Amino acid sequence: MSYKPTFSEVESVLYADIRLTKGSAPKFYLGGKEIDIWSEEFLAYHSKSTTDYVRERILQAERTGEDVFPDIVGKKREKELVKNALFSGSPILFRGDRGFGKTTFSKAIAKLLPSKLLAIKDCRIHDDPTRPVCFSCKWRVTHEERVELEWVPRIWVRIPGDPMLTTRQLIGGISIQKLREGYELDHPEVFIPGRALKANRGVGYFDELGAIPSSMQTMLHELLEEKQITTSEGDIIPMKIDAIEIASTNPSNYRGTSVIKEPLLDRMEVIEIGPPESVEEEIEIALRNMYYTKRFGQRPPIPEWHARIMAQIVRFGRNAQKGRAQLSAALSCRATIKLFDHVYSRVERRGGRVPMFKDYGENYEMVKLALGGRIELEYGSRMNKDDFISALVAEALKAECKRIYEDYLPREQFETFLKELYALGEKVDGGSLIRVEKDIIPSLRRTKTVSALLTRMKAQDDETTLSAIEVVLNSLSHCSDFVSKFDHGYLIKEVRDFAKTSL
Ligand SMILES: [Zn+2]
């Protein structure tokens, strides 16, 4: 700032609500070049509120039936509620246990805004050139001939609900007193924005709103609702921050945290965010978020049956909590993602591509690694954690084997099918022993009914074929008397008197 204004000059803009038009605006520069911000090229990136942008985007998607939240798996009902609340500029409070996508949802909401915005250069709250909020920008657009602009990327600010949060961190340092004492407009002691102000023109995500100290919730309410701030010297100054307010709260976390104050709660729409509704959604979330997928930009070749077993382990764990109140914290989607990660790491470490049962660990160590730290059995529970996890694995295995048995195994040619399996193995006492190893693949491919089954299971390459035959044998051992697990393999009984045996 070349000219140093006096305080009375500054005061004239401090309380002003500035709205510039083409006629009243200074010359704007971008990258050193003068631009016409009202031209087609720039018009979409200023002078609009966050709600304007959100409404435009939602209406545009309504016409084509497009999902505006493609990053969120499932949650159709919740998506509708969110769109409706945002459409009228209503703040949203997501209520739900940790790890069910509240943060992801808030980020997906930010994507309704343009990917970049035109802002006054170096403004700490990326002020809109035509309607600035901070003192320094208000002065610049009303008193300077040329104002530099810059592009800022889409804004999403997380404001963690921390009981130790200070006013400076949340709201920032704002002092009229310092201006009176002659400090310059952009001096840090006059104005340093806290996180809530930095969300200007974007999304402010108040993560665990209830954990924000209650005195600060009052200040927050003043800022968000009244669009003004009372400074520490008692001056009430307008701060017309425009942000989409999204907050979260974790119901099982109420102990030890302060609650959300009534006035703040009263201005938000509460939307419950629960666990994925179906096993398919659970799998989709895991596959999207696995380390492997993020690292290599493609999904690992995990066959349907293993994906379902892993997802069900977590889902059964979650239900166990509901039914028997044995767990003190809900198993989040992070547990599912980690289980997929750990099992798949084992696959990669042994040089493979497709999971086998051994990749869960001899005693399901990989499952215990993923779930152990996330499960807390209630005090007095008779089961220990290891047994509890093993029981979940057994339950998930059984459910999936039953599905394979019912959906895939040939009813019509069951006898031929068993005879083909029998012929694959090595003759031992009491039947034929199949070891699920690579050398059985050529003979597997020569079978009729078994290879037809493998085709139905979409097992084409060698590794998927082995994984498929393993789960088929496992299903037979669970659901029939013809096959039993035996010494690192599967024992097929001779089926001489098949006709007498019922299925
Ligand atoms: Zn500014």
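Reference entry: report on the structure contained in this document. (Residues numbered from 1 in each chain as written. Predicted model: local features only at pLDDT ≥ 70, side-chain atom pairs only at ≥ 80, totals over all residues.)

**Considering the overall build of the protein chain**
Defined as follows: Helix and strand definitions follow DSSP, with helices as H or I runs of at least four residues and strands as E runs of at least two, each counted in order from the N terminus. Here the globule rule reads 2.2 Å times residues to the power 0.38, and the radius of gyration is calculated from C-alpha atoms. Buried residues are those with 20 or more other C-beta atoms within 10 Å of their own C-beta, exposed residues have 12 or fewer, and partly exposed residues lie in between; C-beta atoms are placed from the backbone. Here the contact rule is simple: place C-beta atoms from the backbone, and any two residues whose C-beta atoms are within 7 Å are in contact.
When you go through the protein chain residue by residue, the secondary structure sums to 20 helices and 17 strands. Over its C-alpha trace the protein chain gives a radius of gyration of 31 Å, far above what one expects of a compact globule, namely 23 Å for 503 residues. Taking the principal axes of its C-alpha atoms as reference, the protein chain extends roughly 105 × 55 × 40 Å. Per-residue burial for the protein chain yields a buried fraction of 36% across its 503 residues. Relative to all contacts within the protein chain whose residues are 6 or more apart in sequence, the contacts with residues 24 or more apart total 74%.

**Details of the environment of Arg288**
Relative to the elements of secondary structure, Arg288 occurs in helix H11 (residues 279-289). A tally of 13 C-beta atoms within 10 Å means that Arg288 is categorised as partly exposed. With 69 residues separating them along the chain, Arg288 and Met219 place their C-alpha atoms 39 Å apart.

**Things to note about the packing of helix H1 (residues 7-14) against helix H5 (residues 135-143)**
Condition: Interaxial angle, 0 to 180 degrees, is taken between N-to-C directions of lines fitted to C-alpha atoms, where a helix line uses only the stretch in contact. Should an angle lie under 35 degrees it is considered roughly parallel, over 145 roughly antiparallel, and from 65 to 115 roughly perpendicular; all remaining angles are considered oblique. In the scheme used here, Gly and all other residues not listed as nonpolar or charged are polar, with Ala, Val, Leu, Ile, Met, Phe, Trp, Tyr, Cys and Pro taken as nonpolar and Asp, Glu, Lys and Arg as charged.
Where H1 meets H5, the axes come as close as 9 Å, and the angle between the chain directions of the two elements is 95°. As the angle between them shows, H1 and H5 are arranged roughly perpendicular. Here H1 contributes Val10, Val13 and Leu14 to the contact with H5, which in turn contributes Phe135, Lys138, Trp139 and Thr142. Grouping the amino acids of the contact of H1 with H5 by side-chain chemistry returns 5 nonpolar, 1 polar and 1 charged.

**Description of the packing of H11 against helix H14 (residues 333-349)**
Counted only if it meets this: Left-handed describes a crossing whose near helix is turned anticlockwise from the far helix through less than a right angle; right-handed describes the clockwise counterpart.
Interaxial distance between H11 and H14 falls to 9 Å at its minimum, and their mutual angle equals 60°. By the angle between their directions, the pair H11 and H14 is classed as oblique. Here H11 and H14 pass one another in a crossing that is right-handed. For the pair H11 and H14, contact is made by Glu282, Ile285, Ala286 and Asn289 and by Cys333, Thr336, Ile337 and Phe340, respectively.

**Some thoughts on the nonpolar core**
Basically, it comes down to this: By definition, a nonpolar core groups buried Ala, Val, Leu, Ile, Met, Phe, Trp, Tyr and Cys residues that connect through C-beta atoms lying within 7 Å of each other.
Formed by 125 residues in total, the largest nonpolar core has its most connected members in Ile313, Leu339, Val367 and Val393. When residues no more than four places from it in sequence are discounted, the contact partners of Leu339 are Met310, Ile313, Val314, Val367, Ala370 and Leu371.

**Notes on the environment of Ala423**
For Ala423, the position within the fold is in helix H17 (residues 414-424). The spatial distance from the C-alpha of Ala423 to the C-alpha of Ile434 is 9.3 Å, given a sequence separation of 11 residues.

**Re the sheet that holds strand S17 (residues 489-492)**
Hydrogen bonds between backbone groups are what pair the strands of a sheet, and the pairing can be parallel or antiparallel. Stated formally: At least two bridges found by DSSP between two strands are what make those strands a pair.
Strand order in this open sheet of 4 strands is S14-S15-S17-S16, and the pairing throughout is antiparallel. Every interior strand has two partners, whereas the edge strands, strand S14 (426-428) and strand S16 (483-486), have only one. Sheet twist, expressed as the mean angle between neighbouring strand axes with direction ignored, is 35°. By the bridge criterion, 3 bridges tie strand S15 (residues 431-434) to S17 in an arrangement that is antiparallel. If you follow Ser432 over to S17, its bridge partner there is Ile492. Taken strand by strand, helix H20 (residues 462-479) contacts S15, S16 and S17, and its axis lies near 110° from that of S16.

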